[in-house]
Amino acid sequence: MFRTTETPQGGRVVLAGKSVVNLASNNYLGLADAPELVAAAKSALDQYGVGPCASRNIVGDFPVHGQLERELADFKGTEAALVFSSGYAANVGVIPVLVGKGDEIFSDELNHGSLIDGCRLSRVHTTVYKHCDVADLEQKLVECEAENKLVMTDAVFSMDGDVAPLDAIADVCERHGATFLVDDAHGDGVMGPMGRGTVAHFGLEGRVQVETGSLGKAFGVMGGFVAGSQELIDRVRVGARSFILTASPLAPSLAAAAAEALRMISSDDSRVVRLWENRAYFAEKMSAAGFDTGISTTPVVPVMIGDEALAVRMSDALYEEGVYAQAIQYPLVARGKARIRCILSAAHTKEDLDCAVDAFVRVGRELEVL
């Protein structure tokens, strides 16, 4: 049963009547309750109502949709962008548009489930390559006889917090004439200059043909998007079933709030800076305490436990100690790889993080994790 969240997402939340440090939310920049976003959403509600009540291909666009898509394209350094109701809808919609009978998809073994589902819906043969193993990917591309090849990867992996070697993968794609798709759901607003994402972090603008992302993480709102060339977006607009067959496209109030988030991130990187300061502070203290934080280099910091039942017990004990951090177990991760996933935010204070580390130490010793 879900616990009930009684306050906006922030560094702390009231969860089932209990105030806890929140290490479970993807609210990386602390924008979920930002007054500027709330005001933008309220204004759009007054002007446009609650929802479109039909596909945008039928009822048309509200002005805020086009405005958000233009600003997203500018933010990502692409010609165009298209907004979906969620990041999941973006991935399962765009992949079947990119491939067809006789084509081949190459997917990192730890890619997000939305990419995996997009592969399944495409009905195209998918070859899985070893996690972030560029040599394995290239060998599989060499062996492929398909003319049209699509390589896809998460940029920041949401369970381990590591970053794909996008520069090396881009080189391989170019050598073998493959289209390159990057899902940057956990990198937008987090990675790169001014939080412009992992593609910008590697300086790969123009070398990644398709980017997908989420508006429900660092941007603090909800929704997803696809960014790329105008030709790509024109194809997706009329071909992505998760776009054309939904009567619930992104509500205008949410589009307005997301656009406001983009403007705030693009004009002031102080939240991004604070996020990374918090990440460094927390990870250093957890490592010093003796916890194994795996291969993370991002604000997704897993505390590796291994045993699934132990991870659940630890999560429950942390909640009692005033820290909300979820146990992640099979099938979200491999058996024997259970962990407590901690997600840092610019909204956390140093006091919040000290409280969290102290709770981890107490619980870790009690459960003999330390």
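For the protein, an unreviewed UniProt entry supplies the name 8-amino-7-oxononanoate synthase and the organism Slackia piriformis YIT 12062. Under the UniProt heading Cofactor (unreviewed entry), the entry covering the protein gives this text: "pyridoxal 5'-phosphate". The UniProt entry for the protein carries the following comment under Catalytic activity (unreviewed entry): "6-carboxyhexanoyl-[ACP] + L-alanine + H(+) = (8S)-8-amino-7-oxononanoate + holo-[ACP] + CO2".

Peer 1: Would you mind going over the sheet that holds strand β10 (residues 300–306) in detail, with residue names and values included?
Peer 2: Spatial strand order, β10-β13-β12: 3 strands in an open sheet with antiparallel pairing. Each of the sheet's edge strands pairs with one partner strand only, and the pair in question is β10 and β12 (326–328). Recorded for the sheet is a direction-independent mean angle of 35° between the axes of neighbouring strands. Bridge count between β10 and strand β13 (residues 338–343): 6 bridges; the pairing is antiparallel. Looking across to β13, one finds that Val301 is bridged to Cys342.

Peer 1: Requested: an account of the sheet that holds strand β2 (residues 18–22), with residues and values cited.
Peer 2: Taking strand neighbours across the sheet as the criterion, the 3 strands line up as β1-β2-β11 in an open arrangement whose pairing is mixed. Single-partner strands in this sheet number two, and they are β1 (12–15) and β11 (323–324). Pairing of β1 with β2, which is carried by 4 bridges, proceeds in the antiparallel orientation. Bridging across to β2, Val13 finds its partner in Val20.

Calculation criteria
Residues numbered from 1 in each chain as written. Predicted model: local features only at pLDDT ≥ 70, side-chain atom pairs only at ≥ 80, totals over all residues. Heavy atoms only, no water. UniProt positions renumbered as here; feature names shortened; annotations may be inferred. Pairing = 2+ DSSP bridges. Helix = DSSP H or I, 4+ residues; strand = E, 2+ residues; numbered from the N terminus. Axes fitted to C-alpha atoms, helices over the stretch in contact; angles between N-to-C directions.

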